[in-house]
Amino acid sequence: MTGENQLVDASRSPDVPPPSLSRVPPGSAERPSRARRMATPALYLAGAAAAFAYVGAVDPNEPGHYPVCPMLRLTGILCPGCGGLRSAHAFAHGDLITAAGANALAVVGYFAFAAFMALWLVRAYRDGPVPRIALRRPHWWGLGVLALAFVVVRNLSFGAALAP
């Protein structure tokens, strides 16, 4: 009577192994599909592409399309983002020299974003962990000092090449 010791689940297909023989550990949820893992980074990438497409189509060099920077309007000081739309417009058209001339810090940010997105897409495709930006406090301070130095230099006469 070998059949007495085996339990038969009538709802389970004979092709599907019982849970104890499957590769998924008991009590854990199954891993999402590749398409589902890649959906989030693909949506972020689609949003960034749509933003660049819009800025590429609507020229910020023509007055009236975008608002003026409030810091520039109130104080006359160029903030770290001043020239960012003109930079994105030139970048969307493939003109890296003009993009860097409008806002060099933004161009660095575009390439950093592209590298992060590429890493995220590769990891999602390979079922790896989501990349994290885990900077320590000194690194954040260093980035802040870099942005402050960028603002100071672009507002002085000898840094006019960094002004949009």
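Our subject is the structure listed above.
## Re the environment of Leu119
Considering the arrangement of structural elements, one finds Leu119 in helix 5 (residues 104–125). Taking the relative accessible area as the measure of exposure, Leu119 reaches 39% and is therefore partly exposed. For the pair formed by Leu119 and Pro131, sequence separation is 12 residues and the distance between their alpha carbons is 7.2 Å.

## A look at unusual backbone geometry
Despite not being glycine, Asp127 shows a phi value in the positive range, around 65°. Among the secondary structure elements, Asp127 is positioned in the loop between helix 5 and helix 6 (137–155). For Asp127, a relative accessible area of 30% translates into the label partly exposed.

## Comments concerning the packing of helix 1 (residues 34–57) against helix 5
Their axes nearest at 8 Å, the elements helix 1 and helix 5 cross at an angle of 160°. Compared by their axis directions, helix 1 and helix 5 come out roughly antiparallel. Considering the relative orientation of helix 1 and helix 5, their crossing is left-handed. Note on element contacts: helix 5 touches helix 1 through Tyr110, Phe113, Met117, Trp120, Leu121, Ala124 and Tyr125, opposite Arg34, Arg37, Met38, Thr40, Pro41, Ala42, Tyr44, Leu45, Ala48 and Phe52. Considering only residue class, the contact of helix 1 with helix 5 consists of 14 nonpolar, one polar and two charged.

## What about the packing of helix 1 against helix 3 (residues 84–92)?
The N-to-C vectors of helix 1 and helix 3 enclose an angle of 95°; their axes lie 8 Å apart at closest approach. One finds that helix 1 runs roughly perpendicular with respect to helix 3. Each of Phe52, Val55 and Gly56 in helix 1 lies in contact with helix 3, whose residues at this interface are Leu85, Ala88, His89, Phe91 and Ala92. Grouping the constituent residues of the contact of helix 1 with helix 3 by class yields six nonpolar, two polar and no charged.

Rules used in this analysis
- Residues numbered from 1 in each chain as written.
- Predicted model: local features only at pLDDT ≥ 70, side-chain atom pairs only at ≥ 80, totals over all residues.
- Heavy atoms only, no water.
- Helix = DSSP H or I, 4+ residues; strand = E, 2+ residues; numbered from the N terminus.
- Buried < 20%, exposed > 50% of the residue type's maximum accessible area, 1.4 Å probe, protein only.
- Axes fitted to C-alpha atoms, helices over the stretch in contact; angles between N-to-C directions.
- Parallel < 35°, antiparallel > 145°, perpendicular 65-115°, else oblique.
- Left-handed = near helix turned anticlockwise from the far one by under 90°.
- Contact = heavy atoms within 4.5 Å.
- Nonpolar A, V, L, I, M, F, W, Y, C, P; charged D, E, K, R; others polar.

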